[in-house]
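Residues per chain are reported as follows:
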Amino acid sequence: MTDTLTPVLTDDWADDRAWTLENYRRRGGYSVLETALRSKPADLIEQVKDSGLRGRGGAGFPTGMKWSFIPQDNPKPKYLVVNADESEPGTCKDIPLMMASPHKLIEGVIISSYAIGAKQAFIYVRGEVLHVIRRLRAACREAYEAGLLGQDILGTGVDVDLVIHAGAGAYICGEETALLDSLEGLRGQPRLRPPFPAVEGLYACPTVINNVESIASVPSIIREGKDWFASLGTEKSKGYVIYSLSGHVAKPGQYEAPLGITLRELIDLGGGMREGSELKFWTPGGSSTPLLTAEHLDVPLDYEAVGEAGSMLGTRALQIFDQTTSVVRCVLRWTEFYKHESCGKCTPCREGTFWLAQILTRLNDGEGQEGDIELLLDLCDNILGRAFCALGDGATSPITSAIEYFRDEFEAGMHTPSAELFPPAASTLFAKEAAV
Amino acid sequence: MTLEATPQADTPVELVTLTIDGTQVSVPKGTLVIRAAELIGVEIPRFCDHPLLEPVGACRQCLVDIPDAGNGRGFPKPQASCTMEVAPDMVVETQVTSPVADKAQKGNLEFLLINHPLDCPVCDKGGECPLQNQSMSHGYGESRFIDTKRTFPKPIEVSKQVLLDRERCVLCQRCTRFSEEIAGDPFIALLERGADQQIGIGPGPDGGGEPFESYFSGNTIQICPVGALTSADYRFRARPFDLVSTPSITEHDSSGAAIRVDHRRGKVMRRVAGDDPEVNEEWITDKDRFCFTYATQGDRLRTPLVRNEAGDLEAASWPAALAAAARGLQSRKTGVLTGGRLTLEDAFAYSVFARVALQTNDIDFRARAHSAEEAEFLASHVAGTGLGVTYAALEQASTVALVGLEPEDEAGIVFLRLRKAARKHGVKVVSVASHTTRGLTKMFGTLVRTAPGREAEAVAGLELDARSIVLVGERLATSPGAYSAVAAAAEKSGARVAWVPRRAGDRGAVEAGCLPVLLPGGRLVSDAEARADVAAAWGVDSLPESPGRDVSGILADVLSGGRTGTKALVVAGVELDDLPDPEAARKALKKAQFVVSLEVRESEVTQVADVVLPVAPMVERPGTFVSWEGRRRSFEAVLSEPNSLTDLRVLAGIAEELGRPIGFRTVAAARAAFDELDAWDGERADAPTVAADAPADDPLVLDTWRLLVDDGRGQDGQPEYHASARRPVIRANAATLAAAGVEPGETATLVGTTKVTLTLPTEVADLPDGVVWAPGNSGTPLTALGLTRGAPVQILRGDAPKSPSKRGTSPQNSEGGAA
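Remember, it's a predicted structure, so these values are computed and weren't measured experimentally.

Quick word on the overall build of chain A
Assigned secondary structure in chain A consists of 19 helices and 9 strands. Rg of the C-alpha trace for chain A: 22 Å, near the compact-globule value of 22 Å for 436 residues, within the 12% margin. A principal-axis box enclosing the C-alpha atoms of chain A has dimensions of 70 × 45 × 40 Å. Within chain A, the fraction of its 436 residues that count as buried is 56%. Long-range contacts, defined here as pairs at least 24 residues apart, represent 71% of the contacts in chain A between residues at least 6 apart.

Section: the packing of helix 3 (residues 41-51) of chain A against helix 6 (residues 102-116) of chain A
Residues and elements named next belong to chain A. With their axes 7 Å apart at the nearest point, helix 3 and helix 6 run at an angle of 115° to one another. Crossing hand, helix 3 versus helix 6: left-handed. Residue-level contacts link Pro41, Leu44 and Ile45 of helix 3 to Ile111, Tyr114 and Ala115 of helix 6. Tallied by class, the residues present in the contact of helix 3 with helix 6 amount to 6 nonpolar, no polar and no charged.

Quick word on the pairing of strand 3 (residues 161-166) of chain A
Consecutive side chains along a regular strand alternate between the two faces of the sheet. Residues and elements named next belong to chain A. In terms of strand pairing, strand 2 (residues 118-125) meets strand 3 through 6 bridges, oriented parallel. The residue bridging Val125 from the neighbouring strand is Ala166, located in strand 3. Of the crossover connections in this fold, the one passing from strand 2 over helix 7 (residues 130-145) to the parallel strand 3 is right-handed.

Considering the interface of chain A and chain B
Taken residue by residue, the interface counts 23 residues in chain A and 28 residues in chain B. The set of elements that each furnish at least two residues to the side of chain A that touches chain B consists of helix 13 (327-341), helix 14 (347-364) and helix 15 (372-383) of chain A. Per element, the largest residue contribution to the side of chain A that touches chain B is 8 residues, and it comes from helix 14 of chain A. Of the residues in the side of chain A that touches chain B, the class split is 9 nonpolar, 8 polar and 6 charged.

Digging into the domain arrangement of chain A
Residue and element names in this part refer to chain A. Assigned domains within chain A: domain 1 (21-231), domain 2 (242-322) and domain 3 (327-424). Summarising the inter-unit geometry, the C-alpha centres of domain 1 and domain 3 are found 35 Å apart. Taken residue by residue, the interface counts 9 residues in domain 1 and 9 residues in domain 3. When the residues that make up the side of domain 1 that touches domain 3 are grouped by side-chain class, the tally is 6 nonpolar, 2 polar and 1 charged.

Comments concerning helix 15 of chain A
Residue and element names in this part refer to chain A. Its 12 residues give helix 15 an end-to-end C-alpha distance of 16 Å, which sits within 8% of 16 Å, the value for a rise of 1.5 Å per residue. Three or more residues of helix 15 are buried, namely Asp372, Leu376, Leu379, Cys380, Asn382 and Ile383. Angularly, the buried residues of helix 15 cover 160° about the axis, an arc narrow enough to put them on a single face. The positive-phi residue at the C-terminal boundary of helix 15 is Gly385, with phi of around 80°.

Focus: helix 17 (residues 528-538) of chain B
Residue and element names in this part refer to chain B. For helix 17, the set of buried residues is Ala530, Arg531 and Val534. Down the axis of helix 17, the buried set is contained in an arc of 100°. They therefore lie on one face. Summarising the geometry of helix 17, the exposed residues directed more than 90 degrees from the buried face are Glu529 and Ala536. Buried residues along helix 17 sit against helix 22 (667-677). Just downstream of helix 17 lies Gly539, where phi reads positive at about 70°.

Brief notes about the sheet that holds strand 3 (residues 63-68) of chain B
Residues and elements named next belong to chain B. If you trace the 5 strands from one edge of the open sheet to the other, you get 2-1-5-3-4, paired in mixed fashion. Only two strands of the sheet have a single partner each, and these edge strands are strand 2 (23-28) and strand 4 (79-80). One ladder, built from 2 bridges, connects strand 3 with strand 4; its direction is antiparallel. For Val64, the partnering residue across the bridge sits in strand 4 and is Gln79.

Thresholds, definitions, all that
- Residues numbered from 1 in each chain as written.
- Chains lettered and ligands numbered in written order.
- Predicted model: local features only at pLDDT ≥ 70, side-chain atom pairs only at ≥ 80, totals over all residues.
- Helix = DSSP H or I, 4+ residues; strand = E, 2+ residues; numbered from the N terminus.
- Rg over C-alpha atoms; globule rule 2.2 N^0.38 Å.
- Buried ≥ 20, exposed ≤ 12 C-beta atoms within 10 Å, placed from the backbone.
- Contact = placed C-beta atoms within 7 Å.
- Axes fitted to C-alpha atoms, helices over the stretch in contact; angles between N-to-C directions.
- Left-handed = near helix turned anticlockwise from the far one by under 90°.
- Nonpolar A, V, L, I, M, F, W, Y, C, P; charged D, E, K, R; others polar.
- Pairing = 2+ DSSP bridges.
- Right-handed = clockwise from strand over helix to strand, strands pointing away.
- Domains from an automatic or database assignment.
- Expected span 1.5 Å × (residues − 1).
- Arc of directions from axis to C-beta.

Next up, the structure:
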């Protein structure tokens, strides 16, 4: 295991006009595209499989295996859909990646589409990030003009068309089947599975849906080789990823490192906690992953170790909270998010988040009732694994884990408002300035 | 339990054996776990699940534990049993044996109730509510929710008829799925999200937020598992536990749809769909559901009336009225006209009454356009053929060709089944009609564009095979040669043919012999052997052998006024405006020396009749309708009204006064007498071989049929139902409208041969040049304009001209005037 930063996806972010085709090419971008498009699709799938690349969108499903599920004897068209609907609280890796280096994603799209036999690809971008949509569209246009997209790419006979699609503002559309419905112009709600998207996805055709970071990692595997990629990371979690450090650290930002780095190392790289701060709790992969505490500082941040610690690696959205933060208030804010974003399709998530938010509100106000903590845990038990999709499960994670580690703060919610115990101003980034 | 009708498959069903709650059960492959559990008597609670809708898995109420999916591995979390198919060796633990499943279900019910108003004491659904029932059987007794409920202003009108109380809704999507999948009218949809998610009026096909304009909207009320959807008609009228339910059959079309009539203290409160997988599955039209108040209108006849010497109708006792009727008919040549409301038993009584008591074959049930060719077709292809083409057969056909039939308007259940056949089994629907209707689009059908009167050629050109079915409608009587062409095409291809009349009583009337050429069971009047057979059964020496006349013939005979002409009429269930020439009928009734009218309500006929005999509406009597399939659909009386007599009881009384009894007095006896005749194995009629007319050179001809929701008297007393009617329009293609100087969308006036005109908005549709379509009875019956289908017609721009005889002698004039 290596513990130094290894910028691959982020290597060009600091360049002047990094997002241009010219700069991407200067850095070696598209150099192996023609070779890739002249190799056999099955070989490409094999390379990605062997590299050990796992989905970067949270679940960590092996990317090459997902590609191999596409039935190549199915006469229907195949589609590649890139999930760029990044909306998880704390998660902020895909948006800067697409802003700084859109061509990495586009090159990945071309190679991946060819590998799965798709002639049409889509990037479904979160609708609120208009600047990213514009940048992707500009890059897409550049690629078309350079003959990198469209018919007969670089004379190889390969055709790939790419559409940049703007979502309409719903967290649920990051769920892959809801994303497909939304892309088809329907109301974004998760679909019944089976059939799985690999068999009947977009327009009932075989479809691969991958995260931005997964697809953007593909060109490096082809260029540097599967063995190089597999040499990074840990035994079962190969390669490098972007860790997004946010919250009460001195230097929040994107840190690209091989899988398996620890939070302690990342915080050190980020200049430590902010002044006078000490770590209270953190999320390893956004608000849907159970939170962890200072005792987990040395847990290797890969899929397995974080899982063993009782959480999930998720999107590596490391939200760092210090001693000034009320865990009750924090969990309430997240729960309000889930209540607002619940798509409404299934009962446990729709009604459960509505109820949880009200209980947490009274605990946050110091007006909790006898039995509220048990009620919260029981409601979470009635949601977890009972909802239609994983959004419901995700909504329970912060609550159950917060009660596990900080039950006394919830107990305090029976009589004392969180604002008294943890004045909100102290948690703000500019707490000192605000106090003046 | 509700299971879909198993099609009569020839292949053996592949069975899968699994274990549910420790009990082994074998079920057909593809069965959902929730229904497999029903077979061992375990009812898993559910809301979104409905056996006739696609699984959705939205409500999460039916969660069960699956410790073994059949592959040795179990599911770590409870699974929705409404979306999971059985697998060999699967092990399922429901709430009965699994504490995990039980807690999941209880927890889910608690969630469903937090935002539910729990206003059961004032809710229409209270007492028959799946949410209420399942909360009792599978829920916690008490809620832990002490917080603030989400509320909505209540109710909203999804349509004038269907009202929505959003706070009661559990968002199971049954209504939206029904609308989209079954009816094909997706005008309601989910809006908003999270706890604010709600059902609302969807964008509609034009994106404009249209009201819930569906002929089947009432079904959403019935399948709603809570009290969220109610009808304006029934809302706050009754509690389910005060109602008495009686299964019955619809009287509004020939579908034979099963219904359930709920009454309280002698008054019908509502009607709902019955569950009959072979016929209507669980669906009925809004007409079947809401139109039952016609029988309780102020013009209901309650006592017999006899015209006195001063010429006024006067109440009379039954014996006096029956005697008066018999006296009037005793020595007069009489014709019998019956309409579409009659049951099989009544129709049989009229048939016997005409032949035995009146000694005539002058009887005809066709109170509409009719032809001799049609009578021949009915004799050769319909009468006495028993159960022929069925609903299930429609789903197994290769092609279903519709000729002169618009199922959505004229046979709603046939429409639903054809839509299902096309959606699920890829059955090809072809319509020989003037234009592509919304109904045809919803059946994924194709149009064989045909001007009225030209059906014979179009039918000859259809591609049919032995697995095809041809459904013909009664308006083919206006198209010479069409029935003959259908018979020939069927003969050539081996395709099966079924006749789908509009009215509930029509097929029964054919079977009973209410036709001038037919005796009961398809026996021909012209066949001496058949006459002898029937005469023997009826205990008379002989039956009249001279062929009878049809409706037009009988009326013309009255009008001709010759010494040997018809002098008296017995009329039952006939609206004069339904007849092809209502004016002639009015004159004939006036001219007839003696008219006996058997009616439920006052009508134009009762006004001029000499004896008016009130008869029972269907809720007050038993009977049988024969559906278009040839299926006998018997029903019992809903309300007990000893003073309400059936047609056949009244006819028996007159016949006895005449000294020539018909042989039965009760419905049961009539049915037995009809059944005694049984199937006829003697000579049968030949198929008609009428040649089509040469194309006429009329510049503009009329096509028409009646919309499902229109001004028919069977729909009286239902303002909300009528408010949900489709907007009546005049349709023509752009060129035809332009030739008449009419801009699409602006109003135009239809002019026939009388001073009556009809003004409606216009709409462009894909009709052939020179054909204009208008609804048969929306605003004004087209017969009042002197128009029948296929007749020459004019359209004029704008409102009705003051003197149509002078202005607008041709569309060109009108156009010139506008320019």
